[in-house]
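Spelled out from the first residue to the last, the chains are:
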Amino acid sequence: MASRAQTIVSALLERHGTSFTDELGLDLTKDTPSPLFRWLCAAILMSARISSDNAVRAAGALAEAGWATAEHMAESSWENRVKVLNENGYARYDESTARMLGDDVVILIDRYGGDLRKLREAAGRDPDQVRKLLKEFKGIGDVGADIFCREAQAAWDELYPFADKKALGSAKKLGLPSDADGLSKLVTPQDFPRLLSALVTSDLAGDHDEIRAAAG
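Everything numeric in this text was worked out from a predicted model, so none of it was measured.

Asker: Give a detailed account of empty space enclosed by the protein, specifying residues and quantitative values.
Answerer: Summed over all chains, the structure comprises one cavity of 30 Å³ or more. Considered as a void within the structure, the largest cavity measures approximately 30 Å³ in volume. Every residue along the wall of the largest cavity is listed here: Phe37, Leu40, Cys41, Ile44, Leu101, Asp104, Val105 and Leu108. At the level of secondary structure, the elements contributing two or more residues to the lining of the largest cavity comprise α3 (33-46) and α7 (94-112). Residue composition of the lining of the largest cavity, grouped by class: seven nonpolar, no polar and one charged.

Asker: Requested: an account of the pattern of salt bridges, with residues and values cited.
Answerer: Where charged atoms of side chains with opposite charge meet at close range, the side chains can pair. Enumeration over the complete set of coordinates arrives at 17 salt bridges. The partner of Asp31 in a salt bridge is Arg120, and the shortest N-O contact between them spans 3.5 Å. With Asp31 in the loop between α2 (20-23) and α3 and Arg120 in helix α8 (residues 116-122), the pair connects residues that are 89 residues apart, well separated along the chain. Between Arg111 and Glu136 there is a salt bridge, and its shortest N-O distance comes to 2.7 Å.

Asker: With reference to specific residues and values, describe the layout of surface pockets.
Answerer: A volume near 310 Å³ is recorded for the largest pocket. Elements supplying a minimum of two residues to the lining of the largest pocket: α10 (142-152), α11 (165-173) and α13 (192-205). Ranked by residue count, the leading element in the lining of the largest pocket is α10, at four residues. A per-class count over the lining of the largest pocket returns eight nonpolar, two polar and five charged. Taken together, Ser19, Thr21, Asp22, Leu26, Asp27, Leu28, Thr29, Glu151, Ala154, Gln190, Pro193 and Arg194 make up the full set of residues lining the second largest pocket. Of the residues assigned to the lining of the second largest pocket, the class counts are four nonpolar, four polar and four charged.

Asker: Before we move on, can you summarise the packing of aromatic side chains with the specific residues and values?
Answerer: Under the criterion given, the structure shown has three aromatic pairs. With a centroid separation of 6.2 Å and 55° between ring planes, the pair formed by Tyr90 and Tyr93 is classed as tilted. Just as Tyr90 is buried, Tyr93 falls in that class too. Each ring, one from Tyr160 and one from Phe192, has its centre 5.6 Å from the other, and the planes form 90°; the classification is edge-to-face.

Asker: Lay out the packing of helix α6 (residues 78-86) against α7 with the relevant residues and their values.
Answerer: Running from N to C, α6 and α7 cross one another at 130°; their axes reach a closest spacing of 8 Å. Here α7 runs oblique to α6, going by the angle between their axes. When the axes of α6 and α7 are compared, the crossing they make is right-handed. On the side of α6, the interface is formed by Trp78, Arg81, Val82, Leu85 and Asn86, while α7 contributes Asp94, Glu95, Thr97, Ala98, Arg99, Leu101 and Gly102.

Definitions and cut-offs
- Residues numbered from 1 in each chain as written.
- Predicted model: local features only at pLDDT ≥ 70, side-chain atom pairs only at ≥ 80, totals over all residues.
- Heavy atoms only, no water.
- 1 Å grid on protein atoms, 1.4 Å probe; cavity = no way out; pocket = protein on both sides within 12 Å on 5 of 7 lines; lining within 4 Å.
- Points joined across faces, edges and corners; volume = space filled by probe spheres on them.
- Helix = DSSP H or I, 4+ residues; strand = E, 2+ residues; numbered from the N terminus.
- Nonpolar A, V, L, I, M, F, W, Y, C, P; charged D, E, K, R; others polar.
- Salt bridge = Lys/Arg side-chain N within 4 Å of Asp/Glu carboxyl O.
- Phe/Tyr/Trp six-rings, centres within 6.5 Å; stacked < 30°, edge-to-face > 60°.
- Buried < 20%, exposed > 50% of the residue type's maximum accessible area, 1.4 Å probe, protein only.
- Axes fitted to C-alpha atoms, helices over the stretch in contact; angles between N-to-C directions.
- Parallel < 35°, antiparallel > 145°, perpendicular 65-115°, else oblique.
- Left-handed = near helix turned anticlockwise from the far one by under 90°.
- Contact = heavy atoms within 4.5 Å.

In structure tokens form, the structure reads like this:
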């Protein structure tokens, strides 16, 4: 018989089972440069005070414009990046973010040959060092590092189990374990990033009561 926590998790995933990387069509488990780069861009966009829907939409639009790798982004103009962001729900931060993205691809190419896997190796696969190096990118602070690591742990197993404060706060409201180890025991390692994404989405939607009710 399923525990109360497992029943709540099932109701949560039924309601919010599409992760942010799923929305962007990214398979981070492949651990290849383009999905990792696109997820870094998404983490930068999602760090701003803007709705996650608009941030994900803008992140998708950057790839649709042909900038799915650091090298391709480096070939784009600031004006074109502003235009794409502005037209896809990111008007408040379009100019500053377009500038940050341009600066960050230079950092990524110069230091890691455009490949975030080399950042991982430079960090010695140490979670704290991974976060430290991520935060050297403009627009990535603690929140951005949390966002990146939340779903990147699907590929970078040294990060597992990682859960950020926003996901843990949402878990507590649902009566679920409010620590990463406890939460990770409720799902498979493969589903853990999806669970965290669902918790964050639920918190943004403010639908904890509905999820508890659906769980019976």
